[in-house]
Amino acid sequence: MLSYSTYAGTFAALGSFAFGFDTGIVTTSIAHASFKKAMGNPNAAMTGAIVSTYIAGEAVGAVIQMICADKWGRKRFMQAMAVLVTIGSILQTAAQGYSMFLAGRVIAGVGIGGLAGTAPVYNAELAPPNRRGFVGGLVGLMIVIGSCSANWLGWACGYAPEGQFQWRWNILHGRDAEALAAFTVIREDLSPDELEFEFSAMKEQIMYEKVSAPKSFAETWRRYKKRVLVSVLAQSMTSATGINVINYYQSTLYTSLGITGHTILLLSAIYGTVGLLANMISIRVVDRVGRVRMLIVGTAGVSIVLIYTALLSHFYTTSTNKVGKGFAILGIYLFTTFYYGCINSTTWLYGSEVLPMAIRSKVMGLASCSHFVINVALTQAGPSAFANIKANFYYVFVGVTTFSCICIILYFPETKNKSLEAIAASFGDEVVAEVAEVETGKEKLGGVVEHIE
């Protein structure tokens, strides 16, 4: 039987479904002759703008999250962002030309940018430690479900004729009764004594962090430098793998390998399905395998696969060797397997859970903003880069992803089965009331520990 946290987390992650769908539907749309005609046959720069303006809107949404999400509360903020996504989606659907479509992309992007950074925070705070990987990973899973659904819809259209369950926030704002009621529903696996202890320990740590909360970004940086850097890097590295460039422009890559017609749309749909299956496996194993190990395997795997894909694309783009071209396409599928199997859900979860309550929403907004800003640069450059330097563009992603892998190995602490409050100890921060790591599904009492970095 699914827990309440799973139901609530799935609903909160619907914004991520919209994120994935809006991304995926453009992937196939820009390959449709009817879309090109409706948009006035856009050139490479205009096509890049369709993608990059959306991501620029996401960056704005992430900044709005930094300013407003703590004041409004997670739920109210997500509701407001959902309204923007709805307005933007209506404009895109009803667009009578390129300008109107672009306006819809920007507005929807703002809403998605706010949702993308808030949903991981909400789900990470919602879930018990031994299920946080799964519930938190739902955000990433819903992204790929949305993208996959859009890919298959795009392929099919090719044949068409021309809760208030936010107890940590409630505690932070003095609403203890509501917080305890919500916590009791979510942690139904605990006995009354365990429930009372965990709630008290959590409240004590949250109130300590509230009293000692930094008053500015300068103070945040001084006190939590490592945690901020880890969170921002976790989000930035997802863009730097080249995932959105390949997602958006895979139709261009298939065309360069001599693939034509509906086969391009079919390959895109299969690509989305492979990512979905990999992500479904990912959220089932992340609580057992651990976040850091999955990120190491993912970044190493992506780097190796991108080198493989670059080499095969270089040798077989102008070749008539169908077998060679097939293995080049296999490289793109291996890329999505490693990315969605190890990185996608893990980074959205990890970037949120490593942050203390007092700064979680603001810094997660900053991390999301970095993710979107890098995406703007890479996706805008994508068409021109593939046209000019071709497969060598992959090596940019290889270099950055390899660097990310090294940083993960050296600086990323493991967080699996730890409460959000206990994670502070992994970064050398003071823990007022620490709950020990989960063992056999139960949490044991920890003492008052001060960790000095």
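Preceding this paragraph is the structure being described.
As the structure is a computational prediction, the values presented were derived from the model and not from experiment. (Residues numbered from 1 in each chain as written. Predicted model: local features only at pLDDT ≥ 70, side-chain atom pairs only at ≥ 80, totals over all residues. Heavy atoms only, no water.)

A few words on the side chain of Thr 309. Inspection of the secondary structure assignment puts Thr 309 in helix H14 (residues 291-316). Of the residues examined, Thr 309 reaches a relative accessible area of 2% and is grouped as buried. When near neighbours in sequence (up to four residues on either side) are disregarded, Thr 309 contacts Ala 328, Gly 331, Ile 332 and Tyr 394. (Helix = DSSP H or I, 4+ residues; strand = E, 2+ residues; numbered from the N terminus. Buried < 20%, exposed > 50% of the residue type's maximum accessible area, 1.4 Å probe, protein only. Contact = heavy atoms within 4.5 Å.)

The biggest cluster of nonpolar side chains holds 108 residues, and the ones touching the most others in it are Tyr 254, Tyr 394 and Phe 412. Setting aside residues up to four positions removed in sequence, Tyr 394 forms contacts with Ile 246, Leu 253, Leu 306, Thr 309, Ala 310, Ser 313 and Phe 386. Counting 11 residues, the second-largest nonpolar core is a separate cluster that includes Trp 169, Leu 195, Phe 199 and Met 202. (Core = buried A, V, L, I, M, F, W, Y, C linked by side-chain atoms within 4.5 Å.)

Taken as a whole, this structure holds 14 aromatic pairs when the rule is applied. Between Tyr 339 and Tyr 340, the aromatic rings sit 5.0 Å apart at their centres with planes inclined by 90°, giving edge-to-face as the arrangement. Relative accessible area serves as the criterion here: at 3%, Tyr 339 is assigned to the buried category. Relative to Phe 412, the ring of Tyr 350 has its centre 5.3 Å away and its plane inclined at 10°; by these criteria the two rings are stacked. Here Phe 412 lies in the segment after helix H17 (394-411) and Tyr 350 lies in helix H15 (residues 322-353), a separation of 62 residues in the sequence. When sorted by exposure, Tyr 350 lands in the same class as Phe 412, which is buried. Grouped by ring-pair contacts, the aromatic residues Phe 386, Phe 393, Tyr 394 and Phe 397 constitute a single cluster. The ring centre of Tyr 54 lies 4.2 Å from the NZ or CZ of Arg 105, which sits over that ring. (Phe/Tyr/Trp six-rings, centres within 6.5 Å; stacked < 30°, edge-to-face > 60°. Lys NZ or Arg CZ within 6 Å of the ring centre and 35° of its normal.)

Looking now at the packing of H14 against H17. One can describe the packing of H14 onto H17 by two numbers: an axis separation of 9 Å at closest approach and a directional angle of 160°. When the interaxial angle is binned, H14 and H17 end up roughly antiparallel. The chirality of how H14 crosses H17 is left-handed. Class assignment of the residues belonging to the contact of H14 with H17 gives a composition of 16 nonpolar, six polar and no charged. (Axes fitted to C-alpha atoms, helices over the stretch in contact; angles between N-to-C directions. Parallel < 35°, antiparallel > 145°, perpendicular 65-115°, else oblique. Left-handed = near helix turned anticlockwise from the far one by under 90°. Nonpolar A, V, L, I, M, F, W, Y, C, P; charged D, E, K, R; others polar.)

With respect to the helices, strands and loops of the structure, Asp 429 is situated in the segment after H17. A polar contact is formed between the side chain of Asp 429 and the side chain of Arg 227, at a distance of 2.4 Å. (Polar contact = N/O pair within 3.5 Å; in protein donor to acceptor, adjacent residues only side chain to side chain.)

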